[in-house]
Amino acid sequence: MGFNKPVKVIDDSGHQPPPTKMSTMNPLNCLQDEARGVLTSILPAGTRVALLDFPRHQNAGDSFIWLGALAYFKQLGVRVDYVADIFCFDPSDLRKRLPKGPILITGGGNFGDRWMEHQAFRERIVSEFPDRQIIQLPQSLDFESKRGLERAQRVLNAHENLTLMFRQTADMERAAKWFPTSRHVYCPDLALGLGQIDRPRQASCDVLLLLRNDSESITRHNLDSFAQLAHEVTDWRLSGISQLLWLAYRLPENVARVLSPFRYTLQSVIAWTYLRAARLNLEASAKTLSRGRVVVTDRLHGMFLGALLGIPTIAMDNANGKVAAIFSDYMSNFDNIHMVDSLDEAAEKATEILVSEQRYLLP
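Remember, predicted model here, so these are calculated numbers, not experimental data. (Residues numbered from 1 in each chain as written. Predicted model: local features only at pLDDT ≥ 70, side-chain atom pairs only at ≥ 80, totals over all residues. Heavy atoms only, no water.)

> Which residues make up the pairing of strand β9 (residues 183-186), and what values go with them?
As defined by bridge partners, strand β8 (residues 162-166) adjoins β9 across 4 bridges and the pair is classed as parallel. Bridging from a neighbouring strand, T163 pairs with R183 of β9. The β-α-β motif built from β8, the intervening helix α6 (residues 169-178) and the parallel element β9 has right-handed crossover chirality. (Pairing = 2+ DSSP bridges. Helix = DSSP H or I, 4+ residues; strand = E, 2+ residues; numbered from the N terminus. Right-handed = clockwise from strand over helix to strand, strands pointing away.)

> Account for the confidence of the model for the protein chain, naming residues and giving values.
When pLDDT is averaged across the protein chain, the result is 90; 91% of the residues are at 70 or more. Counting interchain partners and residues more than four positions distant, the pLDDT-below-50 stretch residues 1-15 has 51 contacts. (pLDDT = per-residue confidence, 0-100. Contact = heavy atoms within 4.5 Å.)

> Go over the side chain of N110, please, and point to the residues and values.
Looking at the secondary structure, you find N110 in strand β6 (residues 108-112). Among all residues touching N110, those that are not within four sequence positions of it are D53, W115, H118, Q119, R122 and Q139.

> Describe the packing of aromatic side chains, and please don't skip the residues or the numbers.
How two aromatic rings sit relative to each other is set out by the distance from centre to centre and by the angle between their planes. Applying the stated rule across the entire model yields 12 aromatic pairs. An angle of 80 degrees between the planes, with centres 6.0 Å apart, marks the rings of Y249 and W272 as edge-to-face. Of the two residues, Y249 sits in helix α7 (residues 241-258) while W272 sits in helix α8 (residues 267-289), which places them 23 residues apart along the sequence. The exposure class of Y249 is buried, given its relative accessible area of 15%. Owing to a relative accessible area of 48%, W272 belongs among the partly exposed residues under this scheme. These aromatic residues form a ring-pair network of at least three members: F111, F143, F166, W178 and F179. (Phe/Tyr/Trp six-rings, centres within 6.5 Å; stacked < 30°, edge-to-face > 60°. Buried < 20%, exposed > 50% of the residue type's maximum accessible area, 1.4 Å probe, protein only.)

> Give a detailed account of unusual backbone geometry, specifying residues and quantitative values.
Positive phi, normally seen in glycine, also occurs at D53, with a value near 70 degrees. By the secondary structure assignment, D53 is in the loop between β3 (48-52) and α2 (60-76).

> Give a description of the environment of T163 that names residues and reports values.
Turning to its location among the elements, T163 is positioned in strand β8. With 131 residues separating them in the primary sequence, T163 and V294 have C-alpha atoms 38 Å apart. For T163, the residues in contact, after removing those within four places along its chain, are I42, I134, I135, Q136, R183 and V185.

> Lay out a nonpolar patch on the surface with the relevant residues and their values.
Taken together, L251, V255, V258, L259 and F262 make up a surface patch of nonpolar side chains, about 470 Å² in accessible area. Summarising the element assignment, L251 is placed in helix α7. (Patch = residues over 30% accessible without salt bridge, like charges linked within 9 Å, V, L, I, M, F, W, Y side chains within 5 Å. Areas by Shrake-Rupley, 256 points an atom, 1.4 Å probe, with all protein chains shown as cover. Salt bridge = Lys/Arg side-chain N within 4 Å of Asp/Glu carboxyl O.)

> Explain the pairing of β3 to me, using residue names and the numbers behind them.
Along β3, 4 of the 5 residues are buried, which leaves the element largely enclosed by surrounding structure. Relative to strand β4 (residues 79-84), β3 runs parallel, the two being bridged by 5 bridges. Counted as the bridge partner of L51 is V83 from β4. On the question of chirality, the crossover connecting β3 to the parallel β4 by way of α2 is right-handed. With 3 bridges joining them, β3 and strand β5 (residues 103-105) adopt parallel strand pairing.

Laid out in structure tokens, this is it:
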């Protein structure tokens with residue numbers, strides 16, 4: 001099977017080309033080796049950084065990315081001296097905690113004008129720190145309007161030390177055209193830095209459908225084709241004790257936002273609560289997916305988590321095409337990950353998997 005190996009050579013234009021292919025029997029280890037190689041070429045051991053745009057929401061996939069990035073940094077000897085979300089960030093606090101050194105913006109799928117709060121924050125950081133190295137960790141590009149793209153181009157193309165990392169090869173091509181002054185680096189999604197995860201519970205239904213209900217969804221939730229399968233439908237969410245813990249973890253950050261003089265002194269506590277909140281999302285999501293003998297999802301990180309848990313997972317694309325693109329780039333190499341075009345095809349594939357593994361249950 002084809003795989004991407006780390007590419008550290010940068011051409012004369014400052015752009016890193018998409019990686020070449022390699023063969024391996026362990027796709028997860030290969031992707032982790034690739035990510036470590038790429039990150040090491042940008043952030044040598046001992047580098048001290050700021051990590052911005054903590055995902056302060058219950059979209060668990062972004063929590064996986066945050067935790068995966070921290071896992072890689074720990075392995076590589078990169079020290080994170082300052083963290084903040086888009087609402088708790090203060091430039092003077094960052095400069096006090098990290099007078100010099102790279103500023104990192106967390107990866108994900110909000111590079112563009114679909115999720116404007118995060119894009120506005122990204123452009124703010126690039127504008128306010130013209131003298132600092134800024135590294136955008138692996139993202140997917142998603143501009144829906146010419147106006148949004150042109151605004152981003154004005155800001156990003158004016159910065160002299162900007163590295164843009166992308167988790168799918170198609171975005172490398174777009175970035176070379178749209179953002180010619182920055183350095184472009186291909187790197188697998190950092191969520192894979194979590195590594196293999198033990199399944200936390202036994203399955204309780206044939207199929208767990210993890211389906212989006214936001215602007216990235218293109219799947220009409222007509223589930224008639226699953227009528228002969230014991231199935232559940234859900235999305236990323238916390239409930240019960242987990243929801244109460246989430247609110248508790250948010251308290252120091254909320255205090256810092258209201259009482260700004262305490263923001264700097266609360267930084268260490270806030271960093272700890274970010275970590276706990278992200279782990280809470282991961283633990284709850286792993287329990288959710290484990291309810292299914294098979295998972296069907298149109299969420300990119302539903303596909304990733306299924307791979308890490310070892311659960312047969314059937315993926316469908318989303319509105320900006322990132323699920324299909326990343327499946328094509330590297331997730332197709334996981335034996336337990338499959339791609340279909342519709343819920344009807346997903347039901348057929350789920351039935352095939354359940355029958356082949358003799359795990360088929362009737363509702």
